[in-house]
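# Analysis of the macromolecular model
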Amino acid sequence: MQYIEPAPITDKENPLESMMSRFDAAVKILGISDEMYYILKVPAKQVIVGLPVTLDNGKVEVFEGYRVIHSTILGPGKGGIRFDPHVTLDEVRALAAWMTWKCAVVDIPYGGAKGGIACNPRQMSAGEIERLMRAYTLAMIDIFGQDKDIPAPDMGTGPREMAWLMDEYARAKGMTTQAVVTGKPLVLGGSLGRTEATGRGVMVSALAAMDKLKLNPYRSTAAVQGFGNVGSHAANLLTEKGVKIHGISDISGAYYNSNGIDIQKAMAYRDANGGTLEGFKEAELIGGEELLTLPVDLLVPAAMEDVITKSNASKIQAKLIVEGANGPTSAKADDIINEKGIMVVPDILANAGGVTVSYFEWVQNRIGYKWTLDRINRRCDRSMKDAFSNVFEISQKHNVSLRLAAYILAIDKVATTYKFRGGYG
Ligand code: GLU
């Protein structure tokens, strides 16, 4: 029997510290009490499980799985499940808190949660992943629930894993509850538009910010880091709006073309090429770090946390950063970026399109009805635009960055709701 040791918690700008430093700054401006500070800071529930799974070679491996429900003040916990070899409890804690603030920013009735399993899905067969997902679901059977905690996809998971989760939950409970999980395949009650939703929200918030900066999309250029579900759809939708994508990247490398990259071609290439851009010939291969510092108007980090750091922030040339990933900019990099006068549409606003359409999926499941794609896109766009204006207004009022403004909006909303509900003591 083999035990996969989760990655150690390092002190290198860890995402929890990054999240907390922004939280602290917003709390100071809001002037909330010490009691409320701890109510909002400490996660409501943290679960760690050991998951023995039989591999295809007959050996049993034990994986460590987490689920953190940061808050249920605005509603049931909501947030994805991440499969990644480097998942740590601290990372999941940060991601869960970000979900709380994100749901508050776009005004949907959810608290925040996140799950993670330290595993490498790229080196596992479909059968092994299915057994792992089912084991995780059973371990969390009393945690999940359509009114308690509603999981969804995140890095390393997608509709296929959500289908297994829904099925395992249905078997254990003896009834089907579609609304227990979102991001499902369409046939199982998934929503139209959910796949593209995060990328779509990135595009909508990028255009709203470009409008403020007087950048004409038809004369603007962009670089997109990450070519998964978020980055590729964001790049594709930005292209539709006239923006030229000069650079894209994924785990295989970064690709640059000063005439603009044909994103549809890149997506088709990736899909036919086992999911990566390896060997993509329509652009020049450049370094990953170079992609972040290209002379473009817009930079969309849509891969993972902590990629814009204190060591590369000063080299960024973009006028606007729109965060498709969760936590791509470390807190220390924030100061440098702000000093340079670069506008940042923060993650908890920019990538909220995904959870917004997750909410629409949950609503459709509960009313037993399917909305058209047009209705979903219209509602998601409206919600993203409203959230952007609200955050922008707060940033003007307090003379702070959009990031701090988004935290102020979210923390104020959750704290006010808590007071109305009435707490202990
Ligand atoms: N994992 C996505 C996020 O970080 C979506 C979460 C959801 O739809 O619940 O926003």
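Rules of the game
Residues numbered from 1 in each chain as written. Predicted model: local features only at pLDDT ≥ 70, side-chain atom pairs only at ≥ 80, totals over all residues. Heavy atoms only, no water. Salt bridge = Lys/Arg side-chain N within 4 Å of Asp/Glu carboxyl O. Helix = DSSP H or I, 4+ residues; strand = E, 2+ residues; numbered from the N terminus. Buried < 20%, exposed > 50% of the residue type's maximum accessible area, 1.4 Å probe, protein only. Pairing = 2+ DSSP bridges. Axes fitted to C-alpha atoms, helices over the stretch in contact; angles between N-to-C directions. Core = buried A, V, L, I, M, F, W, Y, C linked by side-chain atoms within 4.5 Å. Contact = heavy atoms within 4.5 Å. Right-handed = clockwise from strand over helix to strand, strands pointing away. Parallel < 35°, antiparallel > 145°, perpendicular 65-115°, else oblique. Left-handed = near helix turned anticlockwise from the far one by under 90°. Near = heavy atom within 4 Å. Polar contact = N/O pair within 3.5 Å; in protein donor to acceptor, adjacent residues only side chain to side chain. Areas by Shrake-Rupley, 256 points an atom, 1.4 Å probe, with all protein chains shown as cover. Nonpolar A, V, L, I, M, F, W, Y, C, P; charged D, E, K, R; others polar. Phe/Tyr/Trp six-rings, centres within 6.5 Å; stacked < 30°, edge-to-face > 60°. Lys NZ or Arg CZ within 6 Å of the ring centre and 35° of its normal.

## Things to note about the pattern of salt bridges
Following the criterion strictly, the structure yields 24 salt bridges and no others. A salt bridge links aspartate 154 to arginine 82, with the nearest nitrogen and oxygen atoms 2.6 Å apart. Of this pair, aspartate 154 sits in the loop between strand 6 (149–153) and helix 5 (159–173) while arginine 82 is found in strand 4 (residues 77–83), placing the two residues 72 residues apart along the sequence. The buried category is assigned to aspartate 154, whose relative accessible area is 16%. A salt bridge links aspartate 107 to lysine 413; the nearest nitrogen and oxygen atoms lie 2.1 Å apart. In this pair, aspartate 107 is assigned in the loop between helix 3 (89–105) and strand 5 (112–117) and lysine 413 in helix 14 (residues 402–421), connecting sequence segments 306 residues apart. Its relative accessible area of 55% is what places aspartate 107 among the exposed residues. Among the charged side chains, a salt-bridge network with shared partners connects Arg22, Glu323, Asp334, Asp347 and Arg403.

## Points about the sheet that holds strand 11 (residues 298–301)
Strand order in this open sheet of seven strands is 10-9-8-7-11-12-13, and the pairing throughout is mixed. For this open sheet the edge positions go to strand 10 (284–286) and strand 13 (343–345), each flanked by a neighbour on one side alone. If you compare each strand with its neighbour and ignore which way they point, the axes differ by 20 degrees on average. Both strand 7 (residues 221–225) and strand 8 (residues 244–250) contribute to a ladder of five bridges, which runs parallel. Note on strand 8: the bridge partner recorded for valine 224 is isoleucine 248.

## Remarks on the nonpolar core
If you look at the biggest cluster of nonpolar residues, it comprises 92 residues, and the most contacted ones within it are Met19, Leu40, Trp101 and Ile248. Among the elements that line this core, the one with the most residues is helix 14, at 12 residues. Discounting residues that sit within four places of it in the chain, methionine 19 has contacts with Ala94, Ala97, Trp98, Trp101 and Tyr407. The next biggest cluster of nonpolar side chains, apart from the first, holds 28 residues, and it includes Val47, Val53, Tyr136 and Ile143.

## Points about the pairing of strand 4
With respect to burial, strand 4 is a largely interior element, seven of its seven residues being buried. Of the strand pairs in this sheet, strand 4 and strand 5 are connected by three bridges, and their pairing is parallel. When the sheet's bridge partners are listed, arginine 82 is paired in strand 5 with glycine 116. With helix 3 bridging strand 4 and its parallel neighbour strand 5, the resulting β-α-β unit is right-handed.

## Some thoughts on the packing of helix 7 (residues 229–240) against helix 8 (residues 263–272)
One can describe the packing of helix 7 onto helix 8 by two numbers: an axis separation of 9 Å at closest approach and a directional angle of 155 degrees. Between helix 7 and helix 8, the angle is such that the two are roughly antiparallel. For helix 7 against helix 8, the interelement crossing comes out left-handed. Packed against helix 7, whose contacting residues are Ser232, His233, Ala235, Asn236 and Thr239, the element helix 8 presents Ile263, Gln264, Met267 and Arg270 at the interface.

## Comments concerning the site of the ligand
Within the structure, the ligand sits among 14 residues, and Lys78, Lys102, Pro153, Asp154 and Ser358 are positioned closest to it. Serine 358 places a side-chain nitrogen or oxygen 2.6 Å from an oxygen atom of the ligand. Calculation on the ligand without its partners gives an accessible area of 290 Å², and the protein chains cover 94% of this total. Looking at side-chain class alone, the shell around the ligand contains four nonpolar, five polar and five charged residues.

## Description of the side chain of asparagine 365
Assignment of secondary structure puts asparagine 365 in helix 12 (residues 353–367). Since its relative accessible area comes to 14%, asparagine 365 is described here as buried. Within polar-contact distance, the side chain of asparagine 365 engages the side chain of lysine 184 at 2.8 Å. A distance of 2.9 Å separates the side chain of asparagine 365 from the backbone oxygen of glycine 189, its partner in a polar contact. Beyond its immediate chain neighbours, meaning those up to four positions away, asparagine 365 contacts Gln178, Ala179, Val181, Lys184 and Gly189.

## Points about the pairing of strand 7
Within strand 7, five of the five residues are buried, which leaves it mostly tucked inside the rest of the structure. Where burial is concerned, the two faces of strand 7 agree: the one with Thr221, Ala223 and Gln225 and the one with Ala222 and Val224 are both buried. Where strand 7 lies against strand 11, four bridges are found, and the strand directions are parallel. Of the residues in strand 11, the one forming a bridge with alanine 222 is leucine 298.

## Focus on the packing of aromatic side chains
Two numbers describe a pair of aromatic rings. These are the distance of the centres and the angle of the planes. Under the criterion given, the structure shown has 12 aromatic pairs. With centroids separated by 5.0 Å and ring planes inclined at 85 degrees, the aromatic side chains of tyrosine 37 and tyrosine 38 adopt a geometry described as edge-to-face. By relative accessible area, which is 15% here, tyrosine 37 ends up buried. Ring geometry for tyrosine 110 versus tryptophan 362: centroids 5.2 Å apart, planes at 75 degrees, classification edge-to-face. Remark: tryptophan 362 occurs in helix 12 and tyrosine 110 occurs in the loop between helix 3 and strand 5; sequence separation between them is 252 residues. For tryptophan 362, a relative accessible area of 10% puts it in the buried group. Taken together through their ring pairs, the aromatic side chains of Tyr110, Tyr359, Phe360, Trp362 and Trp371 make up a single cluster. Its guanidinium or amino end placed over the ring of tryptophan 371, arginine 375 lies 5.5 Å from that ring's centre, counting from NZ or CZ.

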